[in-house]
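As a plain string of letters, each chain reads:
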Amino acid sequence: RNVFELTQEYNTLVEEFEEKYPKYYALKFDPNRATIAQVQGVLGYRDALVDYSLADTSLFIFAITKRQAILQKVSIDSFFHANVRAFENRLSGFYTNHSDEESIQKYIDNAYYLYTKLILPCKEMLRGKTLTIIPDGRLAKIPFDALITRIPLDEDQKYRLLPYLVYDYSIGYSNSATLQCEVMMANVEKKEGNLVAFAPEYTHEDSNNVILTKSNM
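Thresholds, definitions, all that
- Residues numbered from 1 in each chain as written.
- Predicted model: local features only at pLDDT ≥ 70, side-chain atom pairs only at ≥ 80, totals over all residues.
- Heavy atoms only, no water.
- Helix = DSSP H or I, 4+ residues; strand = E, 2+ residues; numbered from the N terminus.
- Buried < 20%, exposed > 50% of the residue type's maximum accessible area, 1.4 Å probe, protein only.
- Contact = heavy atoms within 4.5 Å.
- Areas by Shrake-Rupley, 256 points an atom, 1.4 Å probe, with all protein chains shown as cover.
- Salt bridge = Lys/Arg side-chain N within 4 Å of Asp/Glu carboxyl O.
- Patch = residues over 30% accessible without salt bridge, like charges linked within 9 Å, V, L, I, M, F, W, Y side chains within 5 Å.
- Lys, Arg positive; Asp, Glu negative; His and termini not counted.
- Charge placed at Lys NZ, Arg CZ, Asp CG, Glu CD.
- Axes fitted to C-alpha atoms, helices over the stretch in contact; angles between N-to-C directions.
- Parallel < 35°, antiparallel > 145°, perpendicular 65-115°, else oblique.
- Left-handed = near helix turned anticlockwise from the far one by under 90°.
- Pairing = 2+ DSSP bridges.
- Phe/Tyr/Trp six-rings, centres within 6.5 Å; stacked < 30°, edge-to-face > 60°.
- Lys NZ or Arg CZ within 6 Å of the ring centre and 35° of its normal.

Q: An account of the overall build of the chain is needed here, citing residue identities and associated values.
A: Secondary structure summary: the chain contains seven helices and seven strands in total. Going from the N terminus to the C terminus, the chain shows its helices and strands as α-α-α-β-β-β-α-α-α-β-β-α-β-β. When the 217 residues of the chain are sorted by exposure, 40% land in the buried category. Contacts in the chain between residues far apart in sequence, at least 24 positions, make up 60% of those at least 6 positions apart. With the model as given, the accessible surface of the chain reaches about 13,100 Å², and the carbon-plus-sulfur share is 50%.

Q: Describe the pattern of salt bridges, and please don't skip the residues or the numbers.
A: Tallied over the full model, the rule gives three salt bridges. Between Arg138 and Glu88 there is a salt bridge whose closest N-O contact spans 2.8 Å. Of this pair, Arg138 sits in the loop between strand S4 (130-134) and strand S5 (171-173) while Glu88 sits in helix H4 (residues 78-92), and the two are 50 residues apart along the sequence. On the basis of relative accessibility, which here comes to 15%, the residue Glu88 falls in the buried class. In this structure, Glu124 and Arg127 form a salt bridge, with 2.6 Å as the shortest nitrogen-oxygen distance.

Q: Can you explain a negative patch on the surface? Please cite residues and give values.
A: Taken together, Asp100, Glu101, Asp154 and Glu155 make up a surface patch of like negative charges. Mapped onto the secondary structure, Glu101 falls in helix H5 (residues 101-118).

Q: Account for the side chain of Lys117, with residues named and values stated.
A: By the element assignment, Lys117 lies in helix H5. One buried charged side chain, Lys117, makes no salt bridge at all; its nearest oppositely charged neighbour is Asp77, positioned 6.7 Å away. Setting aside anything within four residues of it in sequence, one finds Lys117 in contact with Leu59, Ile61, Val74, Ser75 and Phe80.

Q: Run through the packing of H4 against H5, naming residues and quoting values.
A: For any two helices packed against each other, the geometry is given by the interaxial angle and the distance between the axes. Viewed as axis vectors pointing N to C, H4 and H5 meet at an angle of 125 degrees, and their least axial separation amounts to 10 Å. Between H4 and H5, the angle is such that the two are oblique. Here H4 and H5 pass one another in a crossing that is left-handed. Together, Phe79, Phe80, Asn83, Val84, Ala86, Phe87, Arg90 and Leu91 of H4 and Lys106, Tyr107, Asn110, Ala111, Tyr113, Leu114, Lys117 and Leu118 of H5 make up the contact between the two elements.

Q: Can you lay out the sheet that holds strand S3 (residues 69-75) for me, pointing to particular residues and giving the numbers?
A: Across the sheet, five strands lie side by side as S3-S2-S1-S4-S5; this open sheet has mixed pairing. Since the sheet does not close on itself, it has two edges, and those belong to S3 and S5, each with one partner. Each adjacent strand pair in this sheet contributes to an overall mean axis angle of 20 degrees, direction not counted. Inspection of the sheet shows strand S1 (residues 47-54) paired to strand S2 (residues 58-65) by seven bridges, in the antiparallel sense. Its bridge partner lying in S2, Val50 is registered against Ala63. Where H5 meets the sheet, its contacts fall on S1, S2 and S3, and the angle it forms with S2 comes to roughly 65 degrees.

Q: Now, about the environment of Leu147: what can you tell me, with residues and values included?
A: Secondary-structure assignment places Leu147 in the loop between S4 and S5. Between the C-alpha atoms of Leu147 and Asn110, which are 37 residues apart in sequence, the distance is 8.4 Å. Look past the residues within four positions of Leu147 in its chain and what remains in contact with it is Phe87, Ala111, Leu114, Tyr115, Leu118, Pro163, Tyr164 and Leu165.

Q: Mind laying out the packing of aromatic side chains, listing which residues take part and the relevant values?
A: Going through the model one piece at a time under the given rule, you end up with seven aromatic pairs. Members of the aromatic cluster, connected to one another through ring pairs, are Tyr52, Phe144 and Tyr173. One cation-aromatic arrangement involves Lys66 over Tyr45; the distance from NZ or CZ to the ring centre is 5.7 Å.

Q: Tell me about the pairing of S3, and please be specific about residues and values.
A: Where S2 and S3 come together, seven bridges link them in antiparallel fashion. Note on S3: the bridge partner recorded for Ile61 is Gln72.

Here it is in C-alpha cells:
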C-alpha cells in the first residue's frame, strides 16, 4: 500500500475514535498532528517510530520508517489486558520477586505473549532500527525493553539469560508522533547551527543573579 492509502486508513481510524471516544480523541490526537510525510522527513534511515492505539478488542500499531509506513490491526481480548496488568505488576514489585522456576516461567510466558502482540506484527519492518515507542493507555506503564523475543531453552531460563528485546533494539519513548517530530526537527536545527539556545551566566559581582545569554550552537 502507498502513503496515500495508509493516510486514508489512518484518518478513518482517527475519525472513528473522534466519534466513539471523544475524550480519548482529545487526549491522543492533536488536530495539528504531524503527517506521515513530516515524520518521515525527520526520521533517519535507522529510525522507526511505533505508535500504539489501544481499544477493548483491537490494538492498532502504526509503524513509520524513512521509507515505509504500515498500519496493523491486532485482535485482542481480556487475556491481553490481563497480561498487560500482570506484566506491570510483576515489574513494579507487586509480586514477590522470586527466582524459582515457577516465577521465571510466568515471566517468560507473560513477556513473550506481549512481544507477539506488540512487536512481532511489525518485526520485519523494524529489523535493525532504533525504536521510538509511543504507548497508549496502560501500555505506557510497561517497559518494552523487558519483553522477550522467544521462549528460551530450559537451561537458559534464568532472568540474566533471557532474550530481552533491548538486546535487539535501542528503544526510546515519546508521548506523541507530533512531539517526537518536533524534537527531531530541533535536533536537526541544532546540528546545523540554527538553534538559538539560552543558558545561565553567573556574574562575579552577584552569584545569585542569573543572566540569560543567547548563543548559536
